[in-house]
Amino acid sequence: MSFAEELKAQLEIPVIASPMFIISNPRLVAEQCKNGIVGSFPTLNARPAEILEQWLEQLTTELAEYKAANPDKKVAPFAVNQIVHHSNDRLEHDLEVCARFEVPIMITSLRAPHNAVKVAHSYGGKIFHDVISVRHAEKAIEAGVDGLILVCAGAGGHAGTLSPFALVSEIRKFYDGPIALSGSITQGKQILAAEAMGADFAYMGTRFIATHEANADEAYKEMIVDSSATDVIYSSLFTGVHGNYLRGSIVRAGLDPDNLPEADKSAMSFDSDKSKAWRDIWGAGQGVGGIGEVTSTAEVIAELKRDYLEARQRLLG
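Residues numbered from 1 in each chain as written. Predicted model: local features only at pLDDT ≥ 70, side-chain atom pairs only at ≥ 80, totals over all residues. Heavy atoms only, no water.

## Here we look at the overall build of the chain
What counts, and what does not: In this text, helices come from DSSP runs of H or I with a minimum length of four residues, and strands from runs of E with a minimum of two, each type numbered from the N-terminal end. For the radius of gyration, the atom set is restricted to C-alpha positions; the globular benchmark scales as 2.2 Å times the number of residues to the power 0.38. Note on contacts: a residue pair qualifies if any of its non-hydrogen atoms lie within 4.5 Å across the two residues. Throughout, the Shrake-Rupley method with a 1.4 Å probe supplies accessible areas, and for residues the shown protein chains are the sole cover considered. Charge assignment: positive for Lys and Arg, negative for Asp and Glu; neither His nor the chain ends contribute. Just so you know, the charge point we use is NZ for Lys, CZ for Arg, CG for Asp and CD for Glu.
Summing up its helical and strand segments, the chain has 11 helices and 11 strands in all. The globule rule puts the C-alpha radius of gyration for 317 residues at 20 Å, and the 18 Å found for the chain is close to it. For the chain, the spread of C-alpha atoms along the principal axes amounts to about 50 × 50 × 40 Å. Contacts in the chain between residues at least 24 apart in sequence constitute 66% of all its contacts with a sequence separation of at least 6. Accessible surface for the chain amounts to roughly 13800 Å². Of this, 50% is attributable to carbon and sulfur atoms. Here the chain contributes 29 positive and 41 negative side-chain charges, whose respective centroids are spaced 3 Å apart.

## Remarks on unusual backbone geometry
Between Arg47 and the following residue, Pro48, the backbone shows a cis peptide bond with an omega angle of 0°. For Pro48, the location among the structural elements is in the loop between strand S2 (39-42) and helix H3 (51-69). One non-glycine residue with positive phi stands out, namely Glu102, at about 50°. Structurally, Glu102 can be placed in the loop between helix H4 (91-100) and strand S4 (105-109). In this structure, Leu110 takes a positive phi of about 85° despite not being glycine. Relative to the helices and strands, Leu110 is located in the loop between S4 and helix H5 (114-122).

## Focus: the sheet that holds strand S8 (residues 179-182)
Across a sheet, strands are paired by hydrogen bonds formed along the backbone, either parallel or antiparallel in direction. Heads up, the rule is: Two strands are counted as paired when DSSP detects at least two bridges linking them. Axis lines are fitted through C-alpha atoms, for helices just across the contact stretch, and the angle between N-to-C directions can take any value from 0 to 180 degrees.
Read across the sheet, eight strands follow the order S1-S9-S8-S6-S5-S4-S3-S2 without closing on themselves; strand pairing throughout is parallel. Both edges of this open sheet fall to strand S1 (15-17) and S2, since each of them pairs with a single strand only. Ignoring strand direction, the axes of neighbouring strands in this sheet form an average angle of 25°. Summarising the sheet, strand S5 (residues 126-131) and strand S6 (residues 147-151) pair through four bridges and their orientation is parallel. Note on S6: the bridge partner recorded for Phe128 is Gly147. Together, S2 and strand S3 (78-83) form the strand contacts of H3, whose direction differs from that of S3 by roughly 160°.

## Some remarks on the environment of Ala302
Note the cut-off: Exposed residues in this analysis have more than 50% of their type's maximum accessible area, buried residues have under 20%, and partly exposed residues fall in between, with area computed by a 1.4 Å probe over protein chains only.
Position of Ala302 among the secondary structure elements: in helix H11 (residues 297-316). By relative accessible area, which is 32% here, Ala302 ends up partly exposed. Separated by 299 residues in sequence, Ala302 and Phe3 have C-alpha atoms that sit 25 Å apart.

## Notes on the environment of Ser40
Going by this rule: Whenever a nitrogen or oxygen atom comes within 3.5 Å of another N or O atom, the pair is scored as a polar contact, on the condition that within protein one atom can donate a hydrogen and the other can accept it, and that pairs from neighbouring residues in sequence are kept only if both atoms are in side chains.
Summarising the element assignment, Ser40 is placed in strand S2. Here the alpha-carbon distance between Ser40 and Leu192, two residues 152 residues apart in the chain, equals 21 Å. Contacts of Ser40, omitting those with residues within four sequence positions, involve Ala17, Ser18, Pro19, Ser24, Val29, Gln32, Ala79 and Ile107. At 2.6 Å, the side chain of Ser40 forms a polar contact with the backbone oxygen of Ala17.

All we've got here are geometric facts, nothing functional implied.
What follows is the structure, given as structure tokens:
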């Protein structure tokens, strides 16, 4: 059985929840996993660095106990996100801690993850890597990753500009491994569409911001509910890498969302001790228009599953 098949067998629906800066925490991740999708968080959300061990202990214990108490339920594995960039001064520490807890899946971003692959494979873990282009995909494959995450146009946070139709098609010409597809996916029928295009999983973040468990300001959650695709601005100003952000949060920061300067990519920084100048600039994907209320993670996943199964049944006639 392939890795993609093995992972799908552990899930209620083929979804990997993306790791969101500040927002993703053990409470959200645990609920995602208990309800049958891969939950994830960035290691840099656990601050200071010593907190990471506590989070991993909490998650592994809670999920093991839940699985033992609910043997008939599909309890998904969790993932952590490692920023593979020279300014991330915690990378080696975080990799060591993840290896000690044998984290099932690591999601790597921004640079070819050679060392992360070596660490994960040393204990049988798997690596998915974020890519926005064929060139990035080729580098990740050369590094030995187990799967690719295609971050396409319309995705929340750091996102590419290519259509998912184009990127999936081009990468499938030379890669038959697991693919997770990101970009404006907020509904169950869109998960099915991702599979129909050639992906194995949908990669979803924005849909889980408007949940009770997400570590997001209530005003942020309400802005997600009240926004549509035209309220999402693509800019490099806030991190040095292009990403999608809510217009309303940019206005609240005293900036003109229609006249934002470009940032110098060389200034990109993921220094864990550096204060975040743009903490209140809120990321979101173009799929915000498909989110109608703030609810629980369990209810979101149940709705996604119903919509996914109904869409599949309609296509089967």
